Amino acid sequence: MTDPAALSHLTTLAFEKNKVTPGLLGFVVFAVLGAATWLLLKNMNRQFGKVDFIEEPEHPDDAAPRNPETTHSA
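As a convention, each chain's residues are numbered from 1 in the sequence order in which they are written. Local features are withheld for residues below a pLDDT of 70 in this predicted model, meaning they are given only at 70 or higher, and side-chain atom pairs are given and counted only at 80 or more; totals for whole chains, interfaces and linings count all residues. By convention in this description, side-chain values take in all heavy atoms of the structure and omit both hydrogens and water.

## A word on the overall build of the protein
For the protein, the count of helices and strands is 2 helices and 0 strands. Accessibility here uses a 1.4 Å probe with only protein chains present; expressed as a share of the type maximum, an area under 20% marks a residue as buried, one over 50% as exposed, and anything in between as partly exposed. Counting across all 74 residues of the protein, residues that qualify as buried make up 0%. Computed by Shrake-Rupley with a 1.4 Å probe, the accessible areas treat only the displayed protein chains as cover when residues are assessed. Per element, the accessible surface of the protein, about 7,800 Å² overall, is 65% carbon and sulfur. To qualify as a helix, a DSSP run of H or I must reach at least 4 residues; to qualify as a strand, a run of E must reach at least 2; elements of each kind are numbered from the N terminus.

## Here we look at a nonpolar patch on the surface
Nonpolar side chains (Val, Leu, Ile, Met, Phe, Trp, Tyr) are joined into patches within 5 Å and like charges within 9 Å, using only residues with over 30% relative accessible area and no salt bridge. One speaks of a salt bridge when a side-chain nitrogen belonging to Lys or Arg is within 4 Å of a carboxyl oxygen belonging to Asp or Glu. A contiguous nonpolar surface patch, about 560 Å² in accessible area, is contributed by Leu41, Met44, Phe48, Val51 and Phe53. With respect to the helices, strands and loops of the structure, Leu41 is situated in helix α2 (residues 23-50).

This is how it looks when you write it as structure tokens:
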């Protein structure tokens, strides 16, 4: 049969009073943060996909190429 003293020694190694672990709450918080990050990145990619950005000049005058010979600076 198993020796009860040996079993008590194994349980004291497994459950030390000075050992701190994150436990179930730490895992749940980590999982929620990971899921929230994944959802935010998924939503950000969807929003960036909706953007149709074509750079246009602010003024129609800027679209025409400038000829330095016609520009007079005194």
